[in-house]
Amino acid sequence: MRLEYDYTFGLPRNIVWKYIKDEQVLRNALPGCKSFSEVSKGRYQAELEVNIGPIHDRFALEIRLIENKSSSLIQLQVKGTGNLGDIAGNADLYLKDQQGSTPLKCIADARVTGALALGGQRLLEGGANSGLETFFQKVEKDIKLQLYYLKRKGR
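Worth saying up front: this structure is predicted, and the values here are computed from it rather than measured.

## Looking at the environment of V16
- Its place among the elements puts V16 in helix α1 (residues 13-19).
- By relative accessible area, which is 0% here, V16 ends up buried.
- If near-sequence neighbours (up to four positions away) are discounted, V16 is found in contact with F9, L11, L95, T102 and I143.

Quick look at the structure:
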């Protein structure tokens, strides 16, 4: 399954770049996140509860984040196991500067097995797109909240 998703942050790229890799921001933004921790630099373990239509499951995930030095590309590798099947995927997140905002393009390839694969591609794609939208909206909200607290401390 291939997904493409676009989102524009109302924040400069350098700020988005700094916070989109933050463990706390990621934990808060992942829909259905029950646990999230960094096990080594760029490697995370998470437990997510997934509810897409009739599909309800809990997944143990391993997430690997690879940063590009130019602060314009983040690559993710995800592997997960649930009761209904396994998921594996790769995603490239491209960030651009655009007059104080940051357009992001996400291009992802995912593979699902087991009963998950029987759930139908259309249902899974719709759930994935909705999850991406929720994720990036929460990332932006959390970044703005952290910036507010930093500004408030500085007064």
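From this point on, the discussion continues.
## Brief notes about the side chain of R13
- Topologically, R13 is positioned in helix α1.
- Relative accessible area serves as the criterion here: at 18%, R13 is assigned to the buried category.
- Not counting chain neighbours up to four residues away, the residues in contact with R13 comprise S70, S71, S72, L95, K96, D97 and T102.

## Quick notes on the packing of aromatic side chains
- With the rule as written, the count across this model stands at 7 aromatic pairs.
- Ring plane angle 25° and centroid distance 5.0 Å describe the contact between F36 and Y44, whose orientation is recorded as stacked.
- By relative accessible area, Y44 is classed as buried at 4%.
- Residues F135 and F136 carry aromatic rings whose centres are separated by 5.1 Å and whose planes lie at 70° to one another, so their mutual orientation is edge-to-face.
- In this structure an aromatic cluster arises from ring pairing among Y5, Y7, F9, F135 and F136.

## Looking at the environment of Q24
- Mapped onto the elements, Q24 comes out in helix α2 (residues 23-29).
- Using a relative accessible area of 36% as the deciding quantity, one classes Q24 as partly exposed.
- Along the chain, Q24 and E38 lie 14 residues apart, while their C-alpha atoms are 10.0 Å from each other.

Conventions and cut-offs
- Residues numbered from 1 in each chain as written.
- Predicted model: local features only at pLDDT ≥ 70, side-chain atom pairs only at ≥ 80, totals over all residues.
- Heavy atoms only, no water.
- Helix = DSSP H or I, 4+ residues; strand = E, 2+ residues; numbered from the N terminus.
- Buried < 20%, exposed > 50% of the residue type's maximum accessible area, 1.4 Å probe, protein only.
- Contact = heavy atoms within 4.5 Å.
- Phe/Tyr/Trp six-rings, centres within 6.5 Å; stacked < 30°, edge-to-face > 60°.

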